[in-house]
Amino acid sequence: MARTASLLLNKQTFKVGFKKLDRKKIYGWTKTEVFDDQDQLCTLATIADGQYILPSGSIAMASFNDKGEYVSKRSLVGVNEQGEKVDKAPSIFDEPVSLKAVDLDEYLTLNVKSVYQLSIDEGKEIIIELLEKGKIFHFMFNYRSDYEADDAYLISNEGEVFAVVGKKATFNYIGLDNKEEETADEPEIIDEDDFDFSML
Amino acid sequence: MRYINLSNNKDRDAKVVFKSIPSISSVRMVMETGAFVENRRLLKGTSKNNIVSLMKEFKDSAQLANAIIENDPEVDLELEGKTLNVSDRVYINQDEEVVYKVRKNEKVYLPDGSLKDEREPRYLDANIAIEHAVNWTGKIIPREKLYNKVVFVKNYQICHVNGLTYDFLFNMAKELAQKDSMMMLAGGEKGDEPLVFNDGGKPYRAFLEGRVKKLQYCLILHLSDLEFKTIIDEKKI
């Protein structure tokens, strides 16, 4: 059985399941295969220092202290901006979270990481009714226990409830004096490992 | 800084800049003492000592297992743990050799996983800073009607580069804020194509949102390639 989370609203608890929504499930996807002149399937690899061929899985990320000694990720702790230790926020499946009504401006500043469709066994119509009146509810979301929870927003469309998960960003208002200084173009690097789902 | 050639409701265009606004993390990972750590990319192994190469070198897996126990052929003591700085991406064949000439084939799959088509890969050129300005389509949609229809997977802030472009963008933001709506933007020669931000990149539907506070403005370009649609089959529940 899928794990369920408890969302609290107006002293009422709603048990919900999360199913990830992505383009693949709605529109399908494309996959590019690459062949050499012998029709052998090729894969992407990294070449380092112009001589070492590094197939997938040949590179690791590791942390080091100021003496250059290896530091295990498990030994690290989270601290806030004041340098104070913070506790891990629980997984949404372990503790109930409260829903709080927010305005559209806040939702529209979200840097989206993932979207879930919610399955709600009881009380779905109550949530839908509120959401269809234009309300948006915010809650904190951690799929797994972690030091920093993401922001999540409940949205409804066509009788279904969705949770949009990400991190709020601060968009500043800019005036005449806040012009951007012109510099050289820096095109974004495209990771060719990404499947392109959008070219159907 | 990246440029976008944007047109307004009078079909006047100007090159302005856009930038992503990252979300700031409030938690940082440090050592118990509070000391910071540095993250590095390290080399774990190369094509010469990975399992594919070793399986070819040894006759069978039992021989390879013995060699691993006795001589550690999977470890290159000179290279293991080397910090990686500059690296490039290459294609390799099944013998893990670099390939210089490749042929690409694109397979198109339906949501149920069945193969729909095979074709030459499509390559889309960027269309945001070309001679044809990004088109102010006139398709204006109230924010209240749009926010729950499409997922805004990326947001960019659009900014002016001089006094003239300040007026240009401020007026756009003001118009959109007064109507509490977003304007659909499109690219290409006919001004009806999705926006492509990088050569070879993905196409996105784009919607411009404007906010105004006295003489300051905030123009946010929302990009979407996903709609809020159900993926839960009620019949299976």
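Keep in mind it's a predicted model, so treat the numbers as computed, not measured. (Residues numbered from 1 in each chain as written. Chains lettered and ligands numbered in written order. Predicted model: local features only at pLDDT ≥ 70, side-chain atom pairs only at ≥ 80, totals over all residues.)

(A) The arrangement of the overall build of chain A in detail. For chain A, the helix and strand inventory stands at 3 helices and 14 strands. With the C-alpha coordinates of chain A rotated into their principal frame, the extents come out at 65 × 50 × 50 Å. Taking all 200 residues of chain A together, 26% fall into the buried category. When contacts within chain A are restricted to residue pairs at least 6 apart in sequence, those whose partners lie at least 24 apart make up 65%. (Helix = DSSP H or I, 4+ residues; strand = E, 2+ residues; numbered from the N terminus. Buried ≥ 20, exposed ≤ 12 C-beta atoms within 10 Å, placed from the backbone. Contact = placed C-beta atoms within 7 Å.)

(B) Quick look at the overall build of chain B. Regarding its fold elements, chain B presents 4 helices and 15 strands. Relative to the globule expectation of 18 Å for 237 residues, the C-alpha radius of gyration of chain B, 26 Å, shows a markedly less compact shape. Judged by the C-alpha coordinates and their principal axes, chain B covers about 75 × 55 × 50 Å. Taking all 237 residues of chain B together, 23% fall into the buried category. Across chain B, contacts joining residues at least 24 apart in sequence account for 68% of those joining residues at least 6 apart. (Rg over C-alpha atoms; globule rule 2.2 N^0.38 Å.)

(C) View of the interface of chain A and chain B. Residue-level contacts link 88 residues of chain A with 91 residues of chain B. Ranked by residues supplied to the side of chain A that touches chain B, first place goes to strand 4 (residues 41-48) of chain A with 8 residues.

(D) Structural detail: the nonpolar core. With 69 residues, the main nonpolar core has A:Y153, A:F162, A:A163, A:V164, B:I158, B:L169 and B:L219 as its most contacted residues. Setting aside anything within four residues of it in sequence, one finds A:F162 in contact with A:L21, A:V115, A:Y116, A:Q117, A:L118, A:I155, A:N157 and B:F228. Core analysis: the next-biggest nonpolar cluster, separate from the first, contains 7 residues, A:A45, A:A48, A:L54 and B:L43 among them. (Core = buried A, V, L, I, M, F, W, Y, C linked by C-beta atoms within 7 Å.)

(E) Region of interest: the sheet that holds strand 2 (residues 12-21) of chain A. All names here are of chain A. Ordered in space as 9-1-2-11-14-13-12-10, the 8 strands form an open sheet in which the pairing is mixed. The open sheet has two free edges, formed respectively by strand 9 (97-98) and strand 10 (100-102), since each of these has just one partner strand. Looking at chain direction, strand 11 (residues 110-120) and strand 14 (residues 160-168) are connected through 8 bridges and run antiparallel. Paired with Q117 across the bridge in strand 14 is F162. Seen against the sheet, helix 3 (residues 124-132) touches strand 2, strand 11, strand 13 (150-157) and strand 14 and runs at an angle of roughly 90 degrees to strand 13. (Pairing = 2+ DSSP bridges. Axes fitted to C-alpha atoms, helices over the stretch in contact; angles between N-to-C directions.)

(F) Structural detail: unusual backbone geometry. Phi angles above zero are rare outside glycine, and A:D39 is one such case at about 60 degrees. Mapped onto the elements, A:D39 comes out in the loop between strand 3 (29-35) and strand 4. Looking at A:D39, the number of C-beta atoms within 10 Å reads 7, which means it is exposed. Notably, B:D72 is not glycine yet its phi reads approximately 55 degrees, a positive angle. Considering the arrangement of structural elements, one finds B:D72 in the loop between helix 2 (61-71) and strand 5 (87-92). Here B:D72 falls in the exposed class, since 11 other C-beta atoms lie within 10 Å of it.

(G) Here's a closer look at helix 4 (residues 163-179) of chain B. Residues and elements named next belong to chain B. Between the first and last C-alpha of helix 4 there are 25 Å, a value that for 17 residues agrees with the 24 Å anticipated at 1.5 Å per step. Along helix 4, the positions that sit buried rather than exposed are Y166, L169, F170, M172, A173 and L176. Buried residues along helix 4 cover an arc of 160 degrees about the axis, so they all sit on one side. Residues G163, L164 and Q178 are exposed on helix 4 and point more than 90 degrees away from its buried face. The elements touched by buried residues of helix 4 are strand 2 (13-20), strand 10 (154-159), strand 11 (181-186), strand 13 (203-213) and strand 14 (216-224). Following helix 4 by one or two positions, D180 has its phi on the positive side, about 50 degrees. (Expected span 1.5 Å × (residues − 1). Arc of directions from axis to C-beta.)

(H) Local environment of the confidence of the model for chain A. For chain A, the average pLDDT comes to 89, and 90% of its residues sit at 70 or higher. Within the model, pLDDT remains below 50 along residues 189-200 of chain A, and this stretch shows 26 contacts once partners closer than five positions in the same chain are excluded. (pLDDT = per-residue confidence, 0-100.)

(I) The arrangement of the domain arrangement of chain B in detail. Entries for chain B in the domain assignment read domain 1 (2-22 + 124-227) and domain 2 (45-80). Spacing between the C-alpha centres of domain 1 of chain B and domain 2 of chain B amounts to 54 Å. (Domains from an automatic or database assignment.)

(J) Examining the confidence of the model for chain B more closely. All names here are of chain B. Put simply, chain B has an average pLDDT of 93, and 98% of its residues get 70 or more. Looking over chain B, one finds the lowest element-wise mean pLDDT in helix 1 (residues 51-57), namely 87, and the highest in strand 14, namely 98. As a predicted assembly, this complex carries a pTM of 0.88 together with an ipTM value of 0.88.

(K) How the structure looks around the sheet that holds strand 7 (residues 70-71) of chain A. Taken in spatial order, the 3 strands line up as 7(A)-6(A)-4(B) in an open sheet, and their pairing is antiparallel. Taken across any chain shown, the strands that pair with only one partner, and hence form the sheet edges, are strand 7 of chain A together with strand 4 (38-43) of chain B. Alignment of strand 6 (residues 59-64) of chain A against strand 7 of chain A, held across 2 bridges, turns out to be antiparallel. The partner of A:F64 across the bridge, within strand 7 of chain A, is A:Y70.

(L) Here's a closer look at the environment of B:E175. Residues and elements named next belong to chain B. Among the structural elements, E175 can be located in helix 4. According to the C-beta neighbour criterion, E175 is partly exposed, with 17 such atoms within 10 Å. Those residues in contact with E175 that sit more than four places away from it in its chain are N9 and G210.

(M) Main features of the pairing of strand 10 of chain B. Residues and elements named next belong to chain B. Pairing between strand 2 and strand 10: 4 bridges, direction antiparallel. Within the sheet, the bridge partner assigned to V17 lies in strand 10 and is C159. Sheet topology places strand 10 next to strand 14; 5 bridges connect them, and they run antiparallel. Directly across from N155, in strand 14, lies its bridge partner H222.

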